[in-house]
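# Descriptive analysis of the structure
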Amino acid sequence: MAARLTGLLPGKLDEEQTELYRAITGGPRAAGPQAFALTDAEGRLRGPFNAMLLSPTVGLAVQAVGAAVRYGSVLGDRARELAILAVAAHWNSAFEREAHEAVGRAAGLTGPEMAALRTGTVPELADPGERAVLRATWALLRGGALSDEEYADTVSEVGERGLFELTTLVGYYGTLALQLRVFAGEGP
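Residues numbered from 1 in each chain as written. Predicted model: local features only at pLDDT ≥ 70, side-chain atom pairs only at ≥ 80, totals over all residues. Heavy atoms only, no water.

## Some thoughts on the pattern of salt bridges
- Evaluated as defined, the whole model comprises ten salt bridges.
- Taking the shortest distance from any N to any O, the salt bridge between R44 and D40 comes out at 2.8 Å.
- For R46, the salt bridge identified is with E98, shortest N-O distance 3.6 Å. One end of the pair, R46, is in the loop between α1 (15-25) and α2 (48-52); the other, E98, is in helix α5 (residues 94-107), and 52 residues separate them in sequence.
- Among the ionic contacts, a cluster of salt bridges with common partners joins D40, E42 and R44. (Salt bridge = Lys/Arg side-chain N within 4 Å of Asp/Glu carboxyl O. Helix = DSSP H or I, 4+ residues; strand = E, 2+ residues; numbered from the N terminus.)

Below, the structure is given as structure tokens:
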């Protein structure tokens, strides 16, 4: 399926869209791995960020949630990227996989770990907190809930705050995957 939404050029944005554009391109995402570009050669936002320009008020809120779960979370970088890549694999989101494999490499994820996530399998993880985060992520993706045992296991490793942030992260990246399917032409 082809992209349904034409990328908006920076010079054609209204005031609210420009504010959102600056929040995305000038925020912490802009300091990420160089292997991933937020804009194309003409400055149009890539991926889900372009669709956010359709509704700057909602787009600002959504991008702020994304920035909070990536840059203000108690979850460690590796645990966070494991969860994001599991969501990308579940939704078969090439954009999120490309973006977050670059971030994951910078966070120390190995090639075999990322390969396992691509196929929907759990990689060998030495860290119990990372294992708990990934098990909880898969449970949320499969059934939208955690059993009492999964809840207790995750809370014992990352705390209630960490679990809250994880559920928010899974929902946020699921939202982006859905928007990518609808607007950017990513197929199932």
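## Things to note about the packing of helix α4 (residues 77-91) against helix α7 (residues 128-143)
- Two numbers describe how α4 lies on α7: the axes approach to 9 Å, and their chain directions differ by 25°. Of the possible angle classes, the one that applies to α4 and α7 is roughly parallel. Crossing geometry of α4 relative to α7 is assigned as right-handed. Counted together, R78, A79, L82, A83, A86, V87, A89 and H90 of α4 and E130, V133, L134, T137, W138 and L141 of α7 form the full contact between these two elements.
- Its residues assigned to classes, the contact of α4 with α7 shows ten nonpolar, two polar and two charged. (Axes fitted to C-alpha atoms, helices over the stretch in contact; angles between N-to-C directions. Parallel < 35°, antiparallel > 145°, perpendicular 65-115°, else oblique. Left-handed = near helix turned anticlockwise from the far one by under 90°. Contact = heavy atoms within 4.5 Å. Nonpolar A, V, L, I, M, F, W, Y, C, P; charged D, E, K, R; others polar.)

## Quick look at the packing of α4 against α5
- With their axes 9 Å apart at the nearest point, α4 and α5 run at an angle of 160° to one another. Considering their axes alone, α4 and α5 lie roughly antiparallel with respect to each other. Note that α4 runs across α5; the crossing there is left-handed. Contact residues: α4 offers D77, R78, R80, E81, I84, L85 and A88, while α5 offers E96, R97, H100, E101, V103, G104 and A107.
- Class assignment for the residues of the contact of α4 with α5 results in five nonpolar, two polar and seven charged.

## Examining empty space enclosed by the protein
- Summed over all chains, the structure comprises one cavity of 30 Å³ or more.
- As a volume, the largest cavity reaches approximately 30 Å³.
- Forming the boundary of the largest cavity are L85, A89, R97, E101, M114, L117 and R118.
- Residue assignment for the lining of the largest cavity shows that the elements contributing at least two residues are α4, α5 and α6 (111-118). (1 Å grid on protein atoms, 1.4 Å probe; cavity = no way out; pocket = protein on both sides within 12 Å on 5 of 7 lines; lining within 4 Å. Points joined across faces, edges and corners; volume = space filled by probe spheres on them.)

## Side note on the UniProt feature "domain: Carboxymuconolactone decarboxylase-like" (unreviewed entry) in the chain
- Per the UniProt annotation, the sites labelled "domain: Carboxymuconolactone decarboxylase-like" (unreviewed entry) are residues 58-137.
- Between the end C-alpha atoms of residues 58-137 the distance is 25 Å, and the span holds 76% helix and 0% strand. (UniProt positions renumbered as here; feature names shortened; annotations may be inferred.)

## Describing the side chain of E113
- By the element assignment, E113 lies in helix α6.
- Discounting chain neighbours no more than four positions away, the residues touching E113 are R78, G108, P123, E124 and L125.

## Section: the nonpolar core
- Within the largest apolar cluster, 37 residues are counted, with the highest numbers of intra-cluster contacts made by M52, L166, Y172 and Y173.
- Those elements that place two or more of their residues in this core are α1, α2, α3 (56-71), α4, α6, α7 and α8 (148-184).
- Looking at this core, the element that brings in the most residues is α8, giving eight residues.
- Those residues in contact with Y172, other than ones at most four positions away along the chain, are R29, F49, M52, V62, V65, G66 and V69. (Core = buried A, V, L, I, M, F, W, Y, C linked by side-chain atoms within 4.5 Å. Buried < 20%, exposed > 50% of the residue type's maximum accessible area, 1.4 Å probe, protein only.)

## Let's talk about the environment of G76
- Mapped onto the elements, G76 comes out in the loop between α3 and α4.
- Take G76: its relative accessible area is 39%, and that puts it in the partly exposed class.
- Residues G76 and A107, 31 residues apart in the sequence, show an inter-C-alpha distance of 9.1 Å.

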